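# Report on the structure
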Amino acid sequence: MLLTNEEEAMLKGEQGEAPKLAMEILVKVGEKFGARRLVPVTSAHIVLAMYKSIFDAGVEVCEKFAALGAKFRVPTTLDPSGMDTQDWQAFKTPPEYAAKQQRVAKAYEQMGAIMSWTCLPHFMGMAPRFGEHVGWTESSAVAFINSVLGARSNRETAVIDVCIGITGRTPEYGLHLNENRYGTVLVNLEIGGRPLAAWEYPVLGYFLGKTLGSDVGVVAGLSGSPKMDELKSMLAAAAASGPLALVHLVGITPEARTVGEAFGPNQPARTVTVTEETLPATRKEMCTVESAKIDLVALGCPHYSIAEIQNVMKLLAGRKVAAQTEFWIYTTKQVRDLAERMGILAELQALGARIATETCMLISPVETWGFKTLMTDSGKCSYYAPMQCKTDVIFGSTAECVEAAVRGRV
Ligand code: F3S
């Protein structure tokens with residue numbers, strides 16, 4: 001690989017042990033993917049952050065970099081923590097688990113990370129602009145910044161993300177290159193030109209992820225003006241049910257003002273049609289049971305915005321959550337604080353709902369509660385919950401989730 005003088009200096013250890021190790025790893029990855037050089041990035045986002053999925057080996061990697069004196073060269077944010085950062089005991093987190101998570105936090109503090117603990121760094125001041133190269137992990141965030149903002153990132157992986165933050169570089173391959181960003185499959189939405197209902201966004205995302213695989217889809221026929229929260233939910237689901245990192249949403253994606261622009265020099269290799277039957281059928285696939293007593297209603301995957309929390313308040317309309325049901329909403333510290341200032345936090349608590357902060361149902365030890373059935377409005381959560389939470393799952397609209405929380409069953 002062609003390296004600049006500064007990159008060579010890092011590789012030779014002239015800038016310290018940590019950049020040397022990080023550069024050695026990145027060069028190996030770059031060679032494996034046929035990258036000709038490294039590209040400077042303006043930020044990094046790290047998933048090597050939650051104990052539940054990084055295990056002891058991940059803790060040791062963080063601590064090793066910290067012990068080598070690593071400092072992040074570009075603004076580097078962290079994915080959610082493996083436990084509630086405000087009150088981990090209240091969520092039955094085992095103390096030995098909490099201790100490991102705290103070691104991770106300490107290592108990143110030493111390295112100068114932005115202690116964001118969210119999958120939405122782009123919703124908290126870190127949004128890259130069109131064409132900007134970044135090195136992010138967290139599949140939902142990568143799908144969003146490529147598809148909605150037109151920024152450029154591959155779905156980086158744990159450890160590589162730390163190396164990117166330390167060096168401020170990533171190998172130039174995949175979605176950093178123009179030729180790999182053009183569409184390869186046409187997806188026609190044939191639903192009579194109507195806008196999608198809110199619940200249909202994560203369902204369409206789930207369908208796209210499953211159907212497109214590694215292809216770059218070009219979705220034509222989305223009408224209306226989807227909200228950022230709806231796109232967030234759709235792309236998180238798409239990046240969960242498949243390896244999707246970029247899908248062109250014609251009229252939304254900056255590189256896809258028209259179908260022709262999205263395909264560039266390519267011809268569609270195949271065409272997929274989404275009809276009125278597709279979305280209800282997909283929704284069915286997203287549930288492991290149709291009706292059950294609901295032990296946990298879990299919202300906020302990706303982390304809920306304040307507007308989404310306000311919507312839940314409206315849907316609850318002063319009704320209490322059923323006695324045998326837990327109702328948790330996952331969000332960022334910033335949104336939690338806003339909810340507290342607005343009095344929403346206290347109101348939610350009085351109705352039996354809880355805000356869980358800077359973590360989520362999939363990466364915290366939810367399985368320690370012994371829940372049998374979980375209900376969610378998240379396509380990503382419905383995909384992973386059986387594996388990660390060891391529960392049955394029912395997907396529903398936010399309104400249906402709130403009704404289930406109040407009645408305690410579906
Ligand atoms: Fe975020 Fe956790 Fe969902 S990291 S996208 S809330 S799985």
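Every chain begins its residue count from 1, and numbering advances along the sequence as written. Local features are withheld for residues below a pLDDT of 70 in this predicted model, meaning they are given only at 70 or higher, and side-chain atom pairs are given and counted only at 80 or more; totals for whole chains, interfaces and linings count all residues. Hydrogens are left out, water is left out, and the side-chain values use all remaining heavy atoms of the structure.

Let's shift gears to the pairing of strand β11 (residues 326-331). The cut-offs for exposure are 20% and 50% of the maximum accessible area for each residue type, with area from a 1.4 Å probe on protein chains only; residues under the lower value are buried, those over the upper are exposed, and the others partly exposed. Working definition: helices are DSSP H or I runs of at least four residues, strands are E runs of at least two. Numbering for both runs from the N terminus. Taken across its 6 residues, β11 has 5 buried, putting it largely inside the fold. Only when DSSP finds a minimum of two bridges between them are two strands counted as paired. In terms of strand pairing, strand β10 (residues 296-304) meets β11 through 5 bridges, oriented parallel. The residue bridging L296 from the neighbouring strand is E326, located in β11. Assessed by its sense of winding, the connection that carries the chain from β10 through helix α11 (residues 306-316) to β11 is right-handed. Both β11 and strand β12 (residues 353-357) contribute to a ladder of 5 bridges, which runs parallel. For Y330, the partnering residue across the bridge sits in β12 and is A356. By convention a crossover is right-handed if, when the strands point away from the viewer, the path from the first strand over the helix to the second runs clockwise.

With that out of the way, let us pick up helix α2 (residues 17-32). The span one expects for a helix is its residue count, reduced by one, times 1.5 Å. Taking 1.5 Å per residue as the helical rise, α2 with its 16 residues ought to reach 22 Å, and the 23 Å between its terminal C-alpha atoms agrees with that figure. Along its buried surface, α2 packs onto α1 (5-11), β1 (38-40), α3 (51-67), α6 (160-167) and β5 (169-171). After α2 finishes, the residue G34 shows a positive phi value of roughly 75°. Any two residues having at least one pair of non-hydrogen atoms within 4.5 Å are treated as being in contact.

We now examine the packing of aromatic side chains. Within 6.5 Å between ring centres, the rings of Phe, Tyr and Trp (the latter by its six-membered ring) count as paired, and their orientation is classed by plane angle as stacked under 30 degrees, edge-to-face over 60, tilted in between. With the rule as written, the count across this model stands at 10 aromatic pairs. Measuring from centroid to centroid gives 5.4 Å for W369 and F371, while their planes differ by 20°, and the two rings are stacked. In this structure W369 comes out as buried when scored by relative accessible area, which is 17%. Judged by relative accessible area, F371 falls into the buried class, the value being 12%. A connected cluster of aromatic rings, assembled from ring pairs, spans F91, W328, W369 and F371. Placement of a charge over a ring requires the Lys NZ or Arg CZ to be within 6 Å of the ring centre, with the centre-to-atom vector within 35 degrees of the ring normal. In this arrangement the basic side chain of R283 is found over the ring face of W199, its NZ or CZ atom lying 5.2 Å from the centre. In this structure, R354 packs its charged tip against the face of F91, placed 4.3 Å from the ring centre.

Another point: the packing of helix α8 (residues 228-241) against helix α14 (residues 379-388). A fitted line through C-alpha atoms serves as each axis, taken over the contacting stretch for helices, and the angle formed by two N-to-C directions is quoted from 0 to 180°. Contact geometry of α8 with α14 gives a least axis separation of 7 Å together with a crossing angle of 35°. Between α8 and α14, the residues in contact are A236, A237, A240 and S241 and G379, K380, Y383 and Y384, respectively. Side-chain classes are defined by residue name, with Ala, Val, Leu, Ile, Met, Phe, Trp, Tyr, Cys and Pro counting as nonpolar, Asp, Glu, Lys and Arg as charged, and the others, Gly among them, as polar. Among the residues forming the contact of α8 with α14, the class breakdown is 5 nonpolar, 2 polar and 1 charged.

The 3 strands lie next to each other as β3-β2-β4, forming an open sheet whose pairing is parallel. The outermost strands of the open sheet, each flanked by one partner alone, are β3 (76-78) and β4 (135-136). Taken together, the 3 bridges between strand β2 (residues 44-46) and β3 define a ladder with parallel strand orientation. From the neighbouring strand, I46 faces β3, where its bridge partner is L78. Sitting on the sheet, α6 is in contact with β2, β3 and β4, with an inclination near 145° to β2.

As a further point, take the environment of R409. Residue placement: R409 occurs in the segment after α15 (398-407). Spatially, the C-alpha atom of R409 lies 8.2 Å from that of D295, the residues being 114 residues apart in sequence. Among all residues touching R409, those that are not within four sequence positions of it are A292, K293, I294 and A404.

Turning our eyes to something else, we now look at empty space enclosed by the protein. Within this scheme a cavity is a closed region of a 1 Å grid, computed over the protein atoms alone, that accommodates a 1.4 Å probe without allowing it to escape, whereas a pocket is open but has protein on both sides within 12 Å along at least five of seven lines; lining residues each have an atom within 4 Å of a point. Grid points are joined across faces, edges and corners, and a volume is the space filled by probe spheres set on the points. Within the structure shown, the criterion is met by 1 cavity of 30 Å³ or more. What the largest cavity holds in volume is close to 80 Å³. Surrounding the largest cavity, 13 residues form its lining, F91, Y330, S364, P365 and V366 being those nearest its centre. In the lining of the largest cavity, the residues fall into 8 nonpolar, 4 polar and 1 charged.

Moving on: the site of the ligand. Every residue near the ligand is listed here: P80, C119, E138, S140, G300, C301, P302, C360, L362 and K380. Here the element with the most residues in the shell around the ligand is β10; it accounts for 3 residues. Of the residues in the shell around the ligand, the class split is 6 nonpolar, 2 polar and 2 charged. We call a residue near a given molecule or strand whenever any one of its heavy atoms falls within 4 Å of it.

Backbone torsion omega between C301 and P302 reads 0°, so that peptide bond is classified as cis. The phi dihedral of F55 is positive, around 55°, even though this residue is not glycine. Secondary-structure assignment places F55 in helix α3. Looking at F55, the relative accessible area reads 53%, which means it is exposed.

No statement about biological role is implied by the geometric values presented.
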